[in-house]
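The residues making up each chain are set out below.
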Amino acid sequence: THFGFQTVPEEAKESLVKNVFSSVASSYDVMNDAMSLGVHRLWKDDYVSSLRPGRKGPLRCIDLAGGTGDIALRILDYARENYADRETSVDVVDINAEMLKEGYKRFKKTMYHNTPQVRFIESNAQALPEEQFPSNTYDLYTIAFGIRNCTSIPDVLKEAYRVLKPGGTFACLEFSKVNNPLLNMLYDQWSFSVIPIMGTVLAGDRDSYQYLVESIRKFPSQPEFAQMIADAGFATGGLHEGKGGAWRDLWGGIASVHTGVKV
Ligand code: SAM
């Protein structure tokens with residue numbers, strides 16, 4: 001595969017992932033829109049509104065692999081617009097300083113800039129330092145399109161469990177497995193032919209986008225990932241109102257939302 005990801009040691013993969021996001025940081029938002037035809041916005045809106053941040057009072061949230069702040073902004077807007085909540089806060093955490101810099105620039109134009117509602121912190125989802133991220137701190141842990149880039153999913157889940165308060169919610173939005181064969185065929189065409197070309201034309205960086213597509217293919221299926229969340233100690237199921245289940249598919253499984261509650 002590109003970058004020989006199967007053979008490089010884990011630490012090397014981590015720095016390769018870092019490089020991928022450094023090289024795409026400035027074009028990340030534009031590329032996201034182009035590659036998904038804007039659909040990632042709908043998924044993120046759906047994801048955040050399904051969590052209804054602020055409904056039961058202000059929340060202390062942590063958004064891992066927060067990148068340019070897409071999820072944090074939605075959480076804060078949702079709480080403010082629906083519950084006049086200006087106390088909910090989000091710690092945006094990412095391993096890549098360039099991505100955080102783009103997020104910071106973007107928040108500068110919002111009312112949350114220079115308020116206790118948002119902080120940007122460079123850190124690794126797999127090893128959050130205890131002094132900076134004490135155990136039992138957060139009500140809501142989000143991670144969107146980030147966990148598949150981490151070298152150890154169990155380590156991420158372990159840390160998520162640790163930093164959440166008992167009763168706190170883990171919620172992950174990630175690309176997933178498409179079950180319908182026809183949709184899957186179209187999606188494959190899109191991913192392997194169109195996206196790397198867009199990466200070249202729009203960002204001058206084919207390899208990084210090829211990597212992103214391949215990382216999606218290697219990510220566990222919905223039931224496998226749900227099992228990993230349960231193995232980390234979370235109670236899964238029941239959060240998706242009326243539907244039960246540990247996850248909810250979006251667009252036939254192109255993406256899915258997995259949730260769990262710390263017990
Ligand atoms: N959550 C944002 C969104 O939905 O637009 C950004 C998603 S972006 C595809 C993936 C992000 O994961 C990048 O910003 C990358 O730097 C970050 N990342 C990769 N490995 C990480 C790790 N081990 N810990 C924290 N962040 C990581």
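The following paragraphs examine the structure supplied in this document. Note that the coordinates shown come from a computational prediction; the quantities given were computed from them, not determined experimentally.

The N-to-C vectors of helix α3 (residues 39-51) and helix α4 (residues 70-83) enclose an angle of 50 degrees; their axes lie 10 Å apart at closest approach. Taken together, the axes of α3 and α4 lie oblique to each other. By crossing handedness, the relation of α3 to α4 is classed as right-handed. Contacts between α3 and α4 involve H40, R41, K44, D45, Y47, V48 and S49 from the former and D70, I71, R74, I75 and Y78 from the latter. Per-class residue counts for the contact of α3 with α4 are five nonpolar, two polar and five charged.

Turning our attention to the nonpolar core. Counting 30 residues, the largest nonpolar core has W43, Y47, I75, V90, F107, L173 and F175 as the members making the most contacts within it. Where this core is concerned, the elements lending two or more residues are α3, α4, β2 (89-94), α5 (97-108), β4 (138-144), β5 (164-175) and β8 (255-262). Counting residues per element, this core draws most heavily on α4, at six residues. Setting aside its immediate chain neighbours within four residues, F107 contacts G69, A72, L73, L76, Y112, H113, V118 and F120.

The subject of this paragraph is the packing of helix α6 (residues 153-163) against helix α9 (residues 222-231). Two elements in contact, α6 and α9, have axes whose closest approach is 9 Å; the angle formed by their N-to-C orientations is 45 degrees. The angle between α6 and α9 places the two elements in the oblique class. Read as a crossing pair, α6 and α9 show a hand that is right-handed. Taking contact as the criterion, the partners of I153, P154 and L157 in α6 are, on α9, F225, M228 and I229. For the contact of α6 with α9, the class distribution of residues is six nonpolar, no polar and no charged.

Next up on the list: the site of the ligand. Lining the immediate surroundings of the ligand are 20 residues, of which A65, D94, N124, A125 and A144 lie closest. In this structure, a nitrogen atom belonging to the ligand sits 3.2 Å away from a main-chain N or O atom of I95. One nitrogen or oxygen atom from the side chain of N124 is found 2.9 Å from a nitrogen atom belonging to the ligand. Summarising the interface, the protein chains cover 98% of the accessible area of the ligand, which totals 600 Å² for the free molecule. Secondary-structure elements contributing two or more residues to the shell around the ligand are α1 (10-24) and α2 (28-36). Looking at the shell around the ligand, its residues break down into ten nonpolar, eight polar and two charged.

Criteria and thresholds
- Residues numbered from 1 in each chain as written.
- Predicted model: local features only at pLDDT ≥ 70, side-chain atom pairs only at ≥ 80, totals over all residues.
- Heavy atoms only, no water.
- Axes fitted to C-alpha atoms, helices over the stretch in contact; angles between N-to-C directions.
- Helix = DSSP H or I, 4+ residues; strand = E, 2+ residues; numbered from the N terminus.
- Parallel < 35°, antiparallel > 145°, perpendicular 65-115°, else oblique.
- Left-handed = near helix turned anticlockwise from the far one by under 90°.
- Contact = heavy atoms within 4.5 Å.
- Nonpolar A, V, L, I, M, F, W, Y, C, P; charged D, E, K, R; others polar.
- Core = buried A, V, L, I, M, F, W, Y, C linked by side-chain atoms within 4.5 Å.
- Buried < 20%, exposed > 50% of the residue type's maximum accessible area, 1.4 Å probe, protein only.
- Near = heavy atom within 4 Å.
- Polar contact = N/O pair within 3.5 Å; in protein donor to acceptor, adjacent residues only side chain to side chain.
- Areas by Shrake-Rupley, 256 points an atom, 1.4 Å probe, with all protein chains shown as cover.

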